[in-house]
Amino acid sequence: MASVQWRSRWRKYEAELQRCHPEALPVEFGDYHPLKPIMVTDTKTRRGTRKGSTSSSSSSSSSAPADPLSSMLDGTDPLSMFAAASSGETSALSHDGSGGDLGRKKRVKEEEPIGADFEPWSTKRGEILARFTTTEKLSINLFMGSDRGKAPNPGTSAVSEKVRTRLEELDDLEEGSQRELLNLSQQDYANRIEELNQSLKEAWSSDQKVKALKIVIQCSKLLSDTSVIQFYPSKFVLITDILDTFGRLVYDRIWTMCSDPRTLPDSFTAEDVNDTAKETCLNWFFKIASIRELLPRLYVEAAILKCSRFLSKSGIQETLPRLTAMIRGIGDPLVAAYARAYLCRVGMEVAPQLKESLNANFFDLLATFRQVSGDSVQRQLHVQRVEAPEYLTLYSPAINWILQCIAYRAPEQLLTEMMERCKMMANNALLLNSIMRAFRPEFAATRATDFIGMIKDCDESGFPKHLLYGSLGRSLACADPPESERLTILNEAWKVITKVRNAQDYMNCAEIWVEFTCRHFTKREVNTVLADIIKHMTPDRAFEDAYPQLQSVIRKILAYFHDFSVLFSMERFLPFLDMFQKDSVRVEVCKSIMEVFIKHQLEVTRDPVILNAMLHICKTMHDSVNALTLEDEKRSLALLIIGFIRMVSFGRDFEQQLSFCVEARATFCNLEPVLVQLIHTVNQLAMETRRVVKGNHSRKTAAFVRACAAYCFITIPSLSSIFSRLHLYLLSGQVALANQCLSQADAFLKAAVSILPEVPRSISVEGKLRSSETFLLDFINNFLATLLVVPDHPEHGVLYLVRGLLNMVQEYTWEDNSDAKVRVYISALPLLAAMSQETYLYSIPKVDSNETLYGGDPKFLSEINKLCETLIGQILDHLKTLTRDESVRRQSALAFSLFGVLLAHGDLRNNKLSQLSVNLWNLSHKHGHCETRVSVRTLESIKHQAQQPDMAHLADAIQRLALQSRT
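Residues numbered from 1 in each chain as written. Predicted model: local features only at pLDDT ≥ 70, side-chain atom pairs only at ≥ 80, totals over all residues. Heavy atoms only, no water.

S.K.: For this particular structure, what's the right way to read the pairing of strand β4 (residues 768–771)?
M.R.: Both faces of the sheet carry side chains from a regular strand, because those side chains alternate between them. Across 4 bridges, the pairing between strand β3 (residues 762–765) and β4 is antiparallel. Note that in β4 the partner of Ser762 across the bridge is Ser771. Hairpin connection of β3 to β4: 2 residues between the antiparallel strands, including Glu766 at a positive phi of 55°. (Pairing = 2+ DSSP bridges. Helix = DSSP H or I, 4+ residues; strand = E, 2+ residues; numbered from the N terminus.)

Here is the structure:
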């Protein structure tokens, strides 16, 4: 193909810009507006009508014609329609229902079911299992029945035979063989209980109801065993799970029998239950009544107490006092306490309004406290080598639960009554502890001084006072005592807490009172508390066993102190952080501090106290990074450190800001995102300097921006991401150019060109390998746009940066069957055409571009034209290779792109160039792969341009550009 003689089109950018502006047309404001005539319809429904019949009255805001949206809805908006339908259904239901249903609704309301503010037993279960553990060996007695425990023979039809069989099965329960599992660990014991729970469900599902009852009875008997007394609360939790399962199965069974033929309503009464269901329910109660031993009979009946609703309205109300009285026959006070706790739990589920039984259980429990000091209990403790304080803590879950049930929605006077009863029992510490934890924190806070006085009078030998102060502290953390008493309360409590010798006990209590101190006092008091904690936890490295409590202290301080200048001015705060010696814990604490700082530090800071402390914390996080650190963790730490860097500002002291960035670079060299942020910060600092001096640099400011450029030039090579380096070299070069640092800008741009061969053919994006061509082309296009304003170096040849870039592109190893290199050549043509103009499209103030340096010199223009001709030749050679069927689509796209460049930037008055553009148009449409819509719009644009006086030559070209239909 003959060589093409390139000539760039002469451009008048300002005139073109004016032609691109749309003509301003006056806006006429008429009466019509799309939002104005919306009809607002209010639909009202009379409640006295039958279901389905409604009477509506409509009122409109305007008599204007309805807009299309409203007309589609026939004048009624959907929300009004739904509201009308809902009110109609409610009205119909209220009139179709019977008076009995209304009465039941009222009764349900009167019963006041338990609300969301009541803490359920399920939340306490895990805490009890974790707290009450043992290393002692446990045992389980399993009562193994005979074959008579199987389901009865279907052929037996006589009722008397069924009754006799069931009675024999129950006798077999207590008289059958038994097997004892010995030397079980705590986990083995829990696993065996879970197996029994599964066996219960399997027996029930296979219609072996008596076998299921046997399992429940034998499990209940285990609650009389206190041979490993420390484990008793956990044993209670495990076995009552089986009782709960049994209770649900029985209740659901009877409920199902009542649901035939119609479903039983939730608020049913005994009158709604059919005779078959009542008979089955009575049968269960009779079976349970035949159990000989007191404890299993009591527990199993309590488990199915809810079934009393099927028999009579007052069944539950009559049964609860009887079961409460039965518990008095249990000799062991610990076993009796947990039996009362279970009865109260069931009572709160089935009849929370019956407070009398709750109170009776509690008063009976108080009466049994004298047994704790009795000979039988003391002998048991001596045999098992259990101290009295440890034994008393075993009662805590039971007493706490009973008091929680009593205190639920109870009036404040009840707390006063309980406090008086506690005084009558010589301020029993265990009881006092439960009272403070059970009642609402607001009630306890108003009586905090009274509670402190009662705590002082308690006997410390049975129940340590620091536990009492811990319970009081939990209440005061949720509610505020009178302001005049706060300091006295803190002093009295801390006098006791600071004397606790055991480090773990001390930390458990101190952690609670830290929140009270932070909530009501200043940094002085908090600093004193921190100093005391350090004093207690440092000896023998006791802090190593209290990391969770120490972390809790930090969280509570951060929750109340958001002014970090105040926080870091505490003398003991940083020494407190030094107690976190374990790397993982220390990093977590530092992260929590940084998160609060980023969230609450709203203004930038230069406070040296804050900066030094935060640098120390950030360095701790940074130094935790190693080869095994996950990428997500690195990213998380980097974001926190970046958040801190963004909040640092020294105002107009730019040199100090640069010094901070230098220090930060040395400190955070292992986190690449932080280094990237520091480079952006320094570039922003250079641009801020330019803004302050308004582009007129003095010797001092010029030296400073060169120092900023040097910082970036030194830092960028340390980044591992090739595209981060490329983009930052280009950005830093643009900043240097804006600050008239021409040699520095040259260095940045040459560095960017020199590392182009290092770009890999594929990169990882969000964990997936993707081709790097798209990213590389975006970068090169951005780079080409920058080169327009970069002046040539006097010691190098013409367009040396453009030539260097194009040489690198030519040498780069592109993917097979890739057109990327040719696309770069096509993108370079508009740049070269723009460089040949007398006035450039854009420029940088106080920087002389090539338009000024060369002044339209013919030799310079000749060099541009030669380079353009070379590029066009390379493009055309590549188009010749795309002749195969699988390549013609790519050929069409490239030809059309080059046609667009020639049309916009080439001087088509040149016949050869004009002919080339026609050939490219025909080539792009030859195989029908060019979009017709794009082609039509392109022709319209050419026709529009041809109407301009200096573009009349395009009229001839249009005649030769034809659309070809797809074949």
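Anyway, onward from the coordinates.
S.K.: Honestly, the pattern of salt bridges in this entry has me stumped. Any pointers?
M.R.: Pairs can form between side chains of opposite charge whenever their charged atoms are close. Scanning all chains against the criterion turns up 31 salt bridges. A salt bridge links Lys209 to Asp207, with the nearest nitrogen and oxygen atoms 2.5 Å apart. For Lys209, a relative accessible area of 12% gives the class buried. Using a relative accessible area of 48% as the deciding quantity, one classes Asp207 as partly exposed. Counted as one network, the salt bridges with shared partners bring together Lys456, Glu492 and Lys495. (Salt bridge = Lys/Arg side-chain N within 4 Å of Asp/Glu carboxyl O. Buried < 20%, exposed > 50% of the residue type's maximum accessible area, 1.4 Å probe, protein only.)

S.K.: What am I meant to see in the packing of aromatic side chains here?
M.R.: The relation between two aromatic rings is expressed through the spacing of the ring centres and the mutual angle of the planes. Tallied over the entire structure, the rule returns 40 aromatic pairs. Judged by centre distance (5.5 Å) and plane angle (65°), the rings of Tyr232 and Tyr338 are edge-to-face. Of this pair, Tyr232 sits in helix α9 (residues 232–258) while Tyr338 sits in helix α13 (residues 333–350); the two residues are 106 residues apart in sequence, bridging distant segments of the chain. Like Tyr338, Tyr232 is buried. Where Phe568 meets Phe573, the ring centres are 5.9 Å apart and the plane angle is 65°; that geometry is what we call edge-to-face. The buried category is assigned to Phe573, whose relative accessible area is 1%. Following the ring pairs from residue to residue traces out a cluster consisting of Phe118, Trp121, Tyr232, Phe236, Tyr299, Tyr338, Tyr342, Trp401 and Tyr408. Positioned over the ring face of Trp284 is Lys287, at 4.3 Å from the centre of the ring. In this arrangement the basic side chain of Arg421 is found over the ring face of Phe363, its NZ or CZ atom lying 3.9 Å from the centre. (Phe/Tyr/Trp six-rings, centres within 6.5 Å; stacked < 30°, edge-to-face > 60°. Lys NZ or Arg CZ within 6 Å of the ring centre and 35° of its normal.)

S.K.: Looking at this structure, how should I read the packing of helix α22 (residues 465–478) against helix α23 (residues 486–497)?
M.R.: Each pair of packed helices can be described by the angle between their axes along with the distance between the axes. Here α22 crosses α23 at 145°, and the two axes come no closer than 9 Å. Crossing handedness for the pair α22 and α23: left-handed. Contacts between α22 and α23 involve Lys465, His466, Tyr469 and Leu476 on the former and, on the latter, Ile489, Glu492, Ala493 and Val496. Each residue belonging to the contact of α22 with α23 can be placed in one class, and the counts come to 5 nonpolar, 1 polar and 2 charged. (Axes fitted to C-alpha atoms, helices over the stretch in contact; angles between N-to-C directions. Left-handed = near helix turned anticlockwise from the far one by under 90°. Contact = heavy atoms within 4.5 Å. Nonpolar A, V, L, I, M, F, W, Y, C, P; charged D, E, K, R; others polar.)

S.K.: Where do I start with the confidence of the model for the protein chain in this structure?
M.R.: Interpretation of this model should avoid reading the predicted coordinates in detail wherever pLDDT is low. In the predicted model, the protein chain carries a mean pLDDT of 84, and the fraction of residues at 70 or more is 85%. Confidence drops under a pLDDT of 50 for residues 144–159, and excluding neighbours within four residues, the segment shows 20 contacts in the predicted structure. (pLDDT = per-residue confidence, 0-100.)

S.K.: Would you take a moment to explain the nonpolar core for this structure?
M.R.: Most often, soluble globular proteins keep nonpolar side chains buried together rather than apart. Counting 309 residues, the largest nonpolar core has Phe310, Trp513, Ile533 and Phe644 as its most contacted members. Here this core takes 14 residues from α9, the largest share from any one element. (Core = buried A, V, L, I, M, F, W, Y, C linked by side-chain atoms within 4.5 Å.)

S.K.: Sorry, what's going on with the side chain of Asp819 here?
M.R.: Tracing the sequence through the fold places Asp819 in the loop between α38 (800–811) and α39 (820–835). There is a polar contact of 2.8 Å between the side chain of Asp819 and the side chain of Arg890. With near-sequence residues (within four places) excluded, Asp819 lies in contact with His878, Leu882, Arg890 and Leu894. (Polar contact = N/O pair within 3.5 Å; in protein donor to acceptor, adjacent residues only side chain to side chain.)

S.K.: Could you clarify how one ought to interpret helix α15 (residues 375–384) in this entry?
M.R.: Side chains three or four residues apart in an α-helix point the same way, a direct result of the helix having 3.6 residues per turn. Residues of α15 that are buried include every one of Val377, Gln380, Leu381 and Gln384, and no others. One side of α15 carries all its buried residues, which in axial view fall inside an arc of 100°. Exposed side chains of α15 directed beyond 90 degrees from the buried face belong to Asp375, Arg379, His382 and Val383. For α15, the secondary structure elements touched by its buried residues are α13 and α16 (388–393). Where α15 ends, the next residue or the one after it, Arg385, has phi of about 55°, a positive value. (Arc of directions from axis to C-beta.)

S.K.: In this structure, what is going on with the packing of α22 against helix α24 (residues 503–520)? I would like to understand it.
M.R.: The interhelical angle for the contact between α22 and α24, taken along N-to-C directions, is 30°, at an axis separation of 9 Å. By the criterion of interaxial angle, the relationship of α22 to α24 is roughly parallel. The chirality of how α22 crosses α24 is left-handed. Where α22 abuts α24, its residues His466, Tyr469, Gly470, Leu472, Gly473, Arg474, Leu476, Ala477 and Cys478 lie against Asp505, Cys509, Ile512, Trp513, Glu515, Phe516, Arg519 and His520. Looking at the contact of α22 with α24, its residues break down into 9 nonpolar, 4 polar and 4 charged. (Parallel < 35°, antiparallel > 145°, perpendicular 65-115°, else oblique.)

S.K.: How should helix α44 (residues 932–946) be read in this particular structure?
M.R.: Here α44 is 15 residues long and its end C-alpha atoms lie 21 Å apart, about the 21 Å a rise of 1.5 Å per residue gives. For α44, every residue scored as buried is listed here: Ser935, Thr938, Leu939, Ile942 and Ala946. All buried residues of α44 project into a common sector of 100° when viewed along the axis, lining one side. In α44, the exposed residues that point more than 90 degrees away from the buried face are Arg933, Arg937, Glu940 and His944. (Expected span 1.5 Å × (residues − 1).)

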